[in-house]
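Structural overview
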Amino acid sequence: NLSERVAWLENQLSLYRERNEELTATASDSLTFSQLDSLTAQNLTKYRYMTARVVANSTNRLRNYITLNRGLMHGVVPHMGVITPDGMMVGYVAACSERYSVVIPLLNADYRTSGKIVDDDHIGSIRWNGHSPYKVEMEELSKNANIEVGDEVIGSGVSHYFPSDVRIKIGYIDSYTLNESQTAYHVVIRLASDLSRLSNVILIENADFKEVTDLEESVKNGSYLRSMSIGEGAEN
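What comes next concerns the included structure. Quick caveat: nothing in here was measured; it's all calculated off a predicted structure.

A few points about the overall build of the protein chain
The number of helices and strands found in the protein chain is 4 helices and 12 strands. Per-residue burial for the protein chain yields a buried fraction of 40% across its 236 residues. The long-range share in the protein chain, meaning contacts at least 24 apart out of those at least 6 apart in sequence, stands at 61%. By element, 49% of the accessible surface of the protein chain is carried by carbon and sulfur atoms, the whole surface being about 13,200 Å².

Structure representation (structure tokens):
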């Protein structure tokens, strides 16, 4: 019940944030909260939150997975971000059936994410080395970062899986050393939650995920250049 309540509140917060952005952008049109009916407001919401229960979970393998009791029929779709009810990063939904879904978590060697220390804007790359289920590692953190043992590490805010204006916890600095070239830190992070005891999660859908990732992929593979040349040929 508590997880459901948290998901509902996150939906409301997302709604209010985007309402505020919309109002600010259209202030000259004298748009007010009372003029936004519920249907319009829902259409403005970029992020949608829902809950699920863990039915299978492993933490002792190189590539671990989490199975949830919600699937396509419940509104779960691939690429939804997954967090704990207290806001710690878990991973993302990799695949769904009608009634179940599978998550690739932090404790999977194939999972990559980015993070930063609270109150510091330098971003590092986070991964799991397959050893302790209580720790992950951060690489490529600038030596100019303000870092101390015990500092909280959060999501970088540049992921398509999680809202940029929500603090997604990852863990706390356990130790750090400069790399061989003395240009960046290698950091060991103690996870904020014990993922082996995970029972309930909150899923986050980014309505813009496909549009943004398709656009990025078109730039990476050069297909956007081909489409531009075709368009220019048609005009000529």
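A few points about the pattern of salt bridges
All chains considered together, the criterion is met by 8 salt bridges. Put simply, Asp208 and Lys46 hold a salt bridge, and the shortest N to O gap is 4.0 Å. You can see Asp208 sitting in the loop between strand S12 (200–206) and helix H3 (209–221) and its partner Lys46 sitting in the loop between helix H2 (38–44) and strand S1 (47–57), a full 162 residues away along the chain. What makes Asp208 partly exposed here is its relative accessible area of 30%. Close ionic contact of Arg48 with Glu205 constitutes a salt bridge, the shortest N to O distance being 2.5 Å. Here the residue Arg48 occupies a position in strand S1, and Glu205 occupies one in strand S12, the gap between them amounting to 157 residues. Taking the relative accessible area as the measure of exposure, Arg48 reaches 31% and is therefore partly exposed.

Concerning the packing of aromatic side chains
Applying the stated criterion across every chain yields a total of 5 aromatic pairs. Taken together, the aromatic side chains of Tyr92, Tyr111, Tyr161, Phe162 and Phe209 make up a single cluster linked through ring pairs.

Observations regarding the sheet that holds strand S7 (residues 123–127)
Paired through their backbone hydrogen bonds, the strands of a sheet run either parallel or antiparallel. A barrel is described by the order of its strands in space; here 6 strands give the closed sequence S6-S7-S8-S11-S10-S9, paired in antiparallel fashion. Mean inter-strand twist for the sheet, computed between neighbouring axes without regard to direction, equals 40°.

As for the pairing of S1
Pairing analysis gives 7 bridges linking S1 to S12, with the strands arranged antiparallel. Paired with Arg53 across the strands is Asn200, a residue of S12.

Basis of the calculations
- Residues numbered from 1 in each chain as written.
- Predicted model: local features only at pLDDT ≥ 70, side-chain atom pairs only at ≥ 80, totals over all residues.
- Heavy atoms only, no water.
- Helix = DSSP H or I, 4+ residues; strand = E, 2+ residues; numbered from the N terminus.
- Buried < 20%, exposed > 50% of the residue type's maximum accessible area, 1.4 Å probe, protein only.
- Contact = heavy atoms within 4.5 Å.
- Areas by Shrake-Rupley, 256 points an atom, 1.4 Å probe, with all protein chains shown as cover.
- Salt bridge = Lys/Arg side-chain N within 4 Å of Asp/Glu carboxyl O.
- Phe/Tyr/Trp six-rings, centres within 6.5 Å; stacked < 30°, edge-to-face > 60°.
- Pairing = 2+ DSSP bridges.
- Axes fitted to C-alpha atoms, helices over the stretch in contact; angles between N-to-C directions.

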